[in-house]
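# Overview (structure and organization)
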Amino acid sequence: MDERDVRLLKAISELETGSPERLHEATDIPVSTIHYRLSNLREEGIIANDRYEIDLEELGLGVTVIVEVHADYQGSYEEFADRLLTIEGVTNVYFTMGETDFIVLARLSSSETVERLIADFEQLEGVDRTDSTFVISAIEERDALQSYELETLLEELVDD
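Residues numbered from 1 in each chain as written. Predicted model: local features only at pLDDT ≥ 70, side-chain atom pairs only at ≥ 80, totals over all residues. Heavy atoms only, no water.

## Re the domain arrangement of the chain
- Annotation of the chain at the domain level lists domain 1 (3-52) and domain 2 (63-135).
- Between domain 1 and domain 2, the C-alpha centre-to-centre distance is 34 Å. (Domains from an automatic or database assignment.)

Okay, structure coming up:
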């Protein structure tokens, strides 16, 4: 990955678009070069898909719950995580170190559906207990690249 690739990825993150014309305006990289590089970044798996951001609050999935899952399961943690992902509303699962085995994020339609979520977790074989936290207000949810300055990304990600 070189400087142009990092600049493109940063611009995609900030503009929330893969439009070559908009990316050209932001980076001054020629449109034909942007097409070529986006294609290469897709082939390398760095760009997984075309993102259409959806406002989950407006859609009706405005309740966010963070669930700590304490588990005693058989098999691999990946297999257990896949079972956690089968529960409706679960969007992210993280395998963690420490007292908590997994951190799960769920997006729900109402506070009433939290009871169903927790009941679904408790029915999964291997779940010992859960600790849930309601998110009162999302101060900011942003793409990981948005949390870095371009210079830092260039320094840490560009191949020498």
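## Here's the deal with the packing of aromatic side chains
- All chains considered together, the criterion is met by 5 aromatic pairs.
- For the ring pair F80 and F102, a centre distance of 5.3 Å and an interplane angle of 40 degrees mean the geometry is tilted. One end of the pair, F80, is in helix 5 (residues 77-85); the other, F102, is in strand 3 (residues 102-108), and 22 residues separate them in sequence. Each member of the pair, F80 as well as F102, carries the same accessibility label: buried.
- Plain terms: the ring middles of F95 and F102 are 5.3 Å apart, the flat faces sit at 50 degrees to each other, and that makes the pair tilted.
- Overall, the relative accessible area of 0% leaves F102 in the buried class. (Phe/Tyr/Trp six-rings, centres within 6.5 Å; stacked < 30°, edge-to-face > 60°. Helix = DSSP H or I, 4+ residues; strand = E, 2+ residues; numbered from the N terminus. Buried < 20%, exposed > 50% of the residue type's maximum accessible area, 1.4 Å probe, protein only.)

## Observations concerning the nonpolar core
- Judged by nonpolar contacts, the single largest core of 20 residues is most densely connected at V67, V69, L84, L117 and F121.
- Elements supplying a minimum of two residues to this core: strand 1 (63-71), helix 5, strand 3 and helix 6 (112-123).
- Per element, the largest residue contribution to this core is 5 residues, and it comes from strand 1.
- Sequence-distant contacts of L84, that is, excluding residues within four places in its chain, are made with V69, V90, V93, F102, V104, F121 and L124.
- Counting 10 residues, the second largest nonpolar core, distinct from the first, contains L8, A11, L41 and I47. (Core = buried A, V, L, I, M, F, W, Y, C linked by side-chain atoms within 4.5 Å. Contact = heavy atoms within 4.5 Å.)

## With respect to the confidence of the model for the chain
- Residues with a pLDDT of 70 or more make up 98% of the chain, whose mean pLDDT is 91.
- Confidence scores differ between elements of the chain, with helix 4 (residues 56-59) showing the lowest mean pLDDT of 79 and helix 5 the highest of 97. (pLDDT = per-residue confidence, 0-100.)

## Description of helix 6
- Taken as a whole, helix 6 has its buried residues at T113, V114, L117, I118 and F121. Each buried residue of helix 6 sits inside an arc of 145 degrees when the element is viewed along its axis, so together they form one side. Along helix 6, exposed side chains directed more than 90 degrees from the buried face belong to E112, E115, E122 and Q123.
- Summarising the contacts, the buried residues of helix 6 are in contact with strand 1, helix 5, strand 2 (90-95), strand 3 and strand 4 (127-135). (Arc of directions from axis to C-beta.)

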